[in-house]
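Working through the structure, step by step
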Amino acid sequence: MPTPKLNDSTLLRSVKVLEECGWNRSAAGRRLRINGRSVQRHAVMALERGLIQDIPPGDLGIGRRAEAKEPPTAPVALDFPQFPDEELPPDELVSLMKNQFRREHMAHRARKWFDVKVNIPGPIGIMWFGDPHVDSQGCNWPLLDDHAKVCRDTEGMFGANIGDTTDNWVGRLARLYANSNQSRSRAVRLAEIFISEMGIDWLLLLRGNHDMWSQSRRDDPLTWFKRGGAPMEDWQAKFSLLFPNERRARIWAAHDFPGHSWFNPLHGNKRASMRDHAHLYICGHKHNWSIHSEENADTNDVYWFARARGYKYIDHHGENLGHEAQMEGACIVSVIDPDAVSESGFVQCFSDPHAAADYLRWKRKKAAA
């Protein structure tokens, strides 16, 4: 009869006893009550079957390690190229993000109360054009053109756009183009005429919600139309006018300020004055106008709140909601006199640009005398 095949458990039991006996085959044979050479043969068989990884040299007279047996692999049918990874290595990617944050953070902080240096002597004026919506059928182009001429022809007068230059309907609101006589390309051309070709010396351009419906400032045609170095900011700008005599006029201009009241159209401006100090808090957006000035009795600061109505004089949607159109205040003009003796005389605001232009011309003539 053939010798029966030893099972794995028998082989592992022999190896265990060998280990306990310090790999002495004679001692292990006595404990197992078999010949020492049989114990050695069990260890070798366990090694060949892969049950153990090695046998230390010694009394067994062997000292070999099990060779790793790799499973046979099928032949590769195709060899593909190894493309380089387009992603940066982790350390370079983290370094890039750090540098990007530093640049953006620096740019963000630089826009908080930046200085605009005024290099001409005497008083100046700022005409705050309310929401133009130049491509709307309801835009009062005769009035807009008249105000642009006043701004252009008055010495010391600068322009500031409070935002919403075009309708720029997007998304579900794009359906409103069906009610418009203007194409988007014509809207862009009208914006170019207003910004670049009407002779307005721009001090500031704001992007309102309609403008910001463009994906970014790079997508906004206003970026390419604006003249000179006038800053263009999203929604709001906090800046100081620095005059030759070192006097500063602090202005917080926004497309709108948070906060609303049916009883006070300048409610948001008032809230803003509780957060930061300025001489003028001005906005637009809601297609109504109001002007108010007051003094803080605790600090003796004098400041103005103003909201420009804008040039959309026909607004069927607003009228359907019960909002009647106002006739004045399409723009607000602020006249700033750096040589004013009193705080209340430092800034004056007007809802009539012609009256403001007359006042500015008189002030500049008086200062030059």
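Residues numbered from 1 in each chain as written. Predicted model: local features only at pLDDT ≥ 70, side-chain atom pairs only at ≥ 80, totals over all residues. Heavy atoms only, no water.

Below, the discussion takes up the packing of aromatic side chains. Summed over the entire model, instances satisfying the criterion amount to twelve aromatic pairs. Geometrically, the ring pair formed by tyrosine 281 and tyrosine 303 is edge-to-face, given 6.2 Å between the ring centres and 90° between the ring planes. Of this pair, tyrosine 281 sits in strand β8 (residues 280–283) while tyrosine 303 sits in strand β10 (residues 302–307), and the two are 22 residues apart along the sequence. Comparing tyrosine 281 with tyrosine 303 shows no difference in burial state: the two are buried. Site record: aromatic cluster; members linked through ring pairs are Trp252, Phe257, Tyr281, Tyr303 and Phe305. The ring of tryptophan 252 carries the charged tip of lysine 238 above its face, separated from the ring centre by 4.1 Å. Residue placement shows arginine 309 over the ring face of tyrosine 313; its charged tip is 3.8 Å from the ring centre. (Phe/Tyr/Trp six-rings, centres within 6.5 Å; stacked < 30°, edge-to-face > 60°. Helix = DSSP H or I, 4+ residues; strand = E, 2+ residues; numbered from the N terminus. Buried < 20%, exposed > 50% of the residue type's maximum accessible area, 1.4 Å probe, protein only. Lys NZ or Arg CZ within 6 Å of the ring centre and 35° of its normal.)

Once that is clear, we can look at the pairing of β8. The alternating pattern of β8 places Leu280 and Ile282 and Tyr281 and Cys283 on opposite faces, both of which are buried. Direction of pairing for strand β7 (residues 248–254) relative to β8: parallel, over a ladder of three bridges. Counted as the bridge partner of alanine 253 is isoleucine 282 from β8. Regarding topology, helix α9 (residues 267–273) serves as the crossover connection from β7 to the parallel β8, and that connection is right-handed. Taken together, the four bridges between β8 and β10 define a ladder with parallel strand orientation. Note on β10: the bridge partner recorded for tyrosine 281 is phenylalanine 305. (Pairing = 2+ DSSP bridges. Right-handed = clockwise from strand over helix to strand, strands pointing away.)

Further remarks concern empty space enclosed by the protein. Counted by the stated rule, this structure contains two cavities of 30 Å³ or more. Each pocket or cavity is described by its volume, and for the largest cavity that value is around 50 Å³. In terms of lining, the largest cavity is formed by Thr165, Thr166, Asn168, Arg184, Ala191, Asp211, Ser214, Asp220, Pro221 and Leu222. For the lining of the largest cavity, the class distribution of residues is three nonpolar, four polar and three charged. (1 Å grid on protein atoms, 1.4 Å probe; cavity = no way out; pocket = protein on both sides within 12 Å on 5 of 7 lines; lining within 4 Å. Points joined across faces, edges and corners; volume = space filled by probe spheres on them. Nonpolar A, V, L, I, M, F, W, Y, C, P; charged D, E, K, R; others polar.)

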